[in-house]
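Listed below are the residues making up each chain.
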Amino acid sequence: MQKKENEYNDSCCDMTSDLDCAGATTYGRITLVGTGPGDIKHLTKAATEAIEECSVIIGYSTYLKQISAMLREEQEKLHFNMKDEITRCEAAINKSMEGKRVVIVSGGDAGIYGMSGLLLELLEKKSLIGKIPLDFVPGVPAFCSAACSMGAPIMNDFCVISLSNLLTPWEEIEKRLDFASKADFVIIIYNPKSAKRKDELTAAKEILLKNISKIRPAAIVKAASRPDEEIVITTLEHIDEFSLVSMNTTIIIGNSTTFVKDFYMITKRGYGNKYQL
Ligand code: SAH
C-alpha cells in the first residue's frame, strides 16, 4: 500500500501556518530524523535539511546538544530527559496540531530502538495515522559506525540484541542470545550496561559461551564515530572485563569465520569458497 501525499491536507500548511483549512485542523508535518552516531559530520544531507527547515525541534537533550551548532535562534527547541519518550511524542503531536513543522531527533536511526515506532503506535491509538503528514529520515546506525572502526566485521548475516530489559523481558533476551549463537550470526550487542544494569553483559556472555568458542574475536567500541571513540579488540571470554563498556558502547562478536589482523576484524563473505583469492 502506498502512502498518498495528497491524502494529507498539507497543501495549505506551510512552516508558519497555524490552524484551519476550511474549518479542519491543518496538521504540520512531523519528521523523524536519525542523527547518526553523534558527531555532526555524520548527519546525512536529508537529515540536515529537515533540521534546518523545521520550526520546532524535539529530542533527548544529549542529541539536541550534539546538533546545537546548526540550530537557529527562532526555532523552538524542546529538550527532554531520557525516559520521557512518550511525552516527546505527545509534544510533537500537539505542535503538529498547531500547524507547526516538527522534527523529532533520535540517535543513530530513529527506527532502530528509536522514536519512530513509538510515535506511530501513539498516532494509531489516537486515530491520527493518515491525518498528520509524516517523514522518516534515515540515520547511520551505531552498529555501522562501530563496524567501520575495525574494518569489516559484519560481512555476513548478523543480528542486533539489546541487553536492556526495561521494555523487553530478560527471558526473551536470553532466548535470542541462545538462538543467535546457535545460528552462527555475527552478534551485535546494544545497551550492554547502564548505571542500574551492571550484570547483564556477564550473564549474556555465559549464554553465548554455551554455543561459541571462548576465543571467538569480539570488539568493544565506545563513542563510535565521535572524537572520543575508543576500541578494544578482544575475545568473547573477556568482553565483560573492560571499563569502556557503558551506555555508549556497542559490542560486536564475530561468527565462525571472523578473524583479526592488526587493527582489523574481518568476517568472511565467502569469496574464498568460490574464487581463488
Ligand atoms: N537508534 C540507535 C540505537 C539506540 S539504542 C541506532 O540506530 O544505532 C542505544 C544503544 O546504541 C547504546 O546503548 C549503544 O549500545 C549504541 N550506541 C549508540 N550510539 C553509539 C556510539 N556512538 N558508539 C557506540 N555505541 C552506540
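Note that the coordinates shown come from a computational prediction; the quantities given were computed from them, not determined experimentally.

Visitor: Honestly, the nonpolar core in this entry has me stumped. Any pointers?
Guide: For soluble globular proteins, the rule of thumb is that nonpolar side chains tend to be buried together. Grouped together as the largest cluster of nonpolar side chains are 22 residues, with contacts concentrated most on Leu163, Leu177, Ile187, Ile189, Leu208, Ile251 and Ile253. Breaking this core down by element, the ones donating at least two residues are strand E7 (158-162), helix H6 (170-182), strand E8 (186-190), helix H7 (200-209), strand E9 (217-222) and strand E11 (249-253). The contacts of Ile187, once residues within four sequence positions are left out, are Cys159, Ile161, Ala180, Ser181, Leu208, Ile212, Ile251, Ile252 and Ile253. Grouped together as the second largest cluster of nonpolar side chains are 21 residues, Tyr27, Ile30, Cys89 and Leu123 included.

Visitor: Is there a simple way to explain the confidence of the model for the chain in this structure?
Guide: In low-pLDDT segments, the atomic positions of the prediction should not be examined closely. When the pLDDT values of the chain are averaged, the result is 92; 91% of them are 70 or greater. Long-range and interchain partners of residues 9-22, a stretch whose pLDDT sits below 50, account for 37 contacts in this model, where long-range means more than four residues apart.

Visitor: How do you make sense of the domain arrangement of the chain when you look at a structure like this?
Guide: In many analyses, interface size is given as the accessible surface area lost on bringing the parts together. Taken domain by domain, the chain holds domain 1 (30-140) and domain 2 (143-266). Between the C-alpha centres of domain 1 and domain 2 there is a distance of 28 Å. Contact residues are listed per partner, giving 10 residues for domain 1 and 13 residues for domain 2. The contact between domain 1 and domain 2 buries some 800 Å² in all, and 61% of this surface belongs to carbon and sulfur atoms. At the boundary of domain 1 with domain 2, the tally comes to 0 salt bridges. At the boundary of domain 1 and domain 2, one finds 3 residue pairs in polar contact (both at pLDDT 80 or more). Of the residues assigned to the side of domain 1 that touches domain 2, the class counts are 5 nonpolar, 3 polar and 2 charged.

Visitor: Is there a simple way to think about the sheet that holds E9 in this case?
Guide: Paired through their backbone hydrogen bonds, the strands of a sheet run either parallel or antiparallel. Read across the open sheet, the 5 strands follow the order E7-E8-E11-E9-E10; overall the sheet is mixed. Looking at which strands have only one partner, the edges of the open sheet turn out to be E7 and strand E10 (230-235). Each neighbouring strand pair of the sheet contributes to a mean axis angle of 20°, computed without reference to strand direction. As defined by bridge partners, E8 adjoins E11 across 3 bridges and the pair is classed as antiparallel. Counted as the bridge partner of Ile189 is Ile251 from E11. Set on the sheet, H6 makes contact with E7 and E8; between it and E7 the angle comes to about 160°.

Visitor: Explain the pairing of strand E2 (residues 56-60) to me, please; I cannot follow it from the model alone.
Guide: Looking down a regular strand, the side chains alternate between one sheet face and the other. With 5 of its 5 residues buried, E2 lies for the most part within the structure. Summarising the sheet, E2 and strand E3 (residues 76-80) pair through 5 bridges and their orientation is parallel. Note on E3: the bridge partner recorded for Val56 is Glu76. In this region the chain leaves E2, passes through helix H2 (residues 61-66) and returns to the parallel neighbour E3; the handedness of that crossover is right-handed. Relative to strand E4 (residues 102-106), E2 runs parallel, the two being bridged by 3 bridges. Bridge pairing links Val56 to Val102 in E4.

Visitor: Quick question: what am I supposed to make of the environment of Thr234 here?
Guide: Here Thr234 shows up in strand E10. A C-alpha to C-alpha distance of 9.4 Å links Thr234 and Ile253, two positions 19 residues apart in sequence. In this structure, Thr234 is in contact with Arg216, Pro217, Ala218, Ile220, Ile239 and Phe242, ignoring residues within four places of it in sequence.

Visitor: What should I look at first to understand the layout of surface pockets in this one?
Guide: Using a probe with the size of a water molecule, rolled over the atoms, empty space left in the structure can be pinpointed. By volume, the largest pocket amounts to about 1800 Å³. Taken together, 50 residues line the largest pocket, and the ones lying closest to its centre are Tyr63, Met82, Glu85, Tyr113 and Asn191. Among the secondary structure elements, those contributing two or more residues to the lining of the largest pocket are H2, helix H3 (85-97), E4, helix H4 (116-125), E7, H6 and E11. Taken together, the residues of the lining of the largest pocket sort by class into 23 nonpolar, 18 polar and 9 charged.

Visitor: Looking at this structure, I do not really get the pattern of salt bridges. What am I missing?
Guide: Pairing between side chains becomes possible if they bear opposite charge and their charged atoms approach one another. Scanning the model with the defined rule gives 12 salt bridges in all. When the shortest N-O distance is used, the salt bridge between Arg29 and Asp135 registers 3.1 Å. One end of the pair, Arg29, is in the segment before strand E1 (30-34); the other, Asp135, is in strand E5 (residues 134-137), and 106 residues separate them in sequence. A residue is classified by how much of its surface remains accessible, and Arg29, at 10% relative accessible area, is buried. Its relative accessible area of 25% is what places Asp135 among the partly exposed residues. A cluster of three or more residues bridged by salt bridges with shared partners is formed by Glu76, Lys95, Glu98 and Lys100.

So, how was this worked out
- Residues numbered from 1 in each chain as written.
- Predicted model: local features only at pLDDT ≥ 70, side-chain atom pairs only at ≥ 80, totals over all residues.
- Heavy atoms only, no water.
- Core = buried A, V, L, I, M, F, W, Y, C linked by side-chain atoms within 4.5 Å.
- Buried < 20%, exposed > 50% of the residue type's maximum accessible area, 1.4 Å probe, protein only.
- Helix = DSSP H or I, 4+ residues; strand = E, 2+ residues; numbered from the N terminus.
- Contact = heavy atoms within 4.5 Å.
- pLDDT = per-residue confidence, 0-100.
- Domains from an automatic or database assignment.
- Buried area = accessible area lost by both parts, 1.4 Å probe.
- Salt bridge = Lys/Arg side-chain N within 4 Å of Asp/Glu carboxyl O.
- Polar contact = N/O pair within 3.5 Å; in protein donor to acceptor, adjacent residues only side chain to side chain.
- Nonpolar A, V, L, I, M, F, W, Y, C, P; charged D, E, K, R; others polar.
- Pairing = 2+ DSSP bridges.
- Axes fitted to C-alpha atoms, helices over the stretch in contact; angles between N-to-C directions.
- Right-handed = clockwise from strand over helix to strand, strands pointing away.
- 1 Å grid on protein atoms, 1.4 Å probe; cavity = no way out; pocket = protein on both sides within 12 Å on 5 of 7 lines; lining within 4 Å.
- Points joined across faces, edges and corners; volume = space filled by probe spheres on them.

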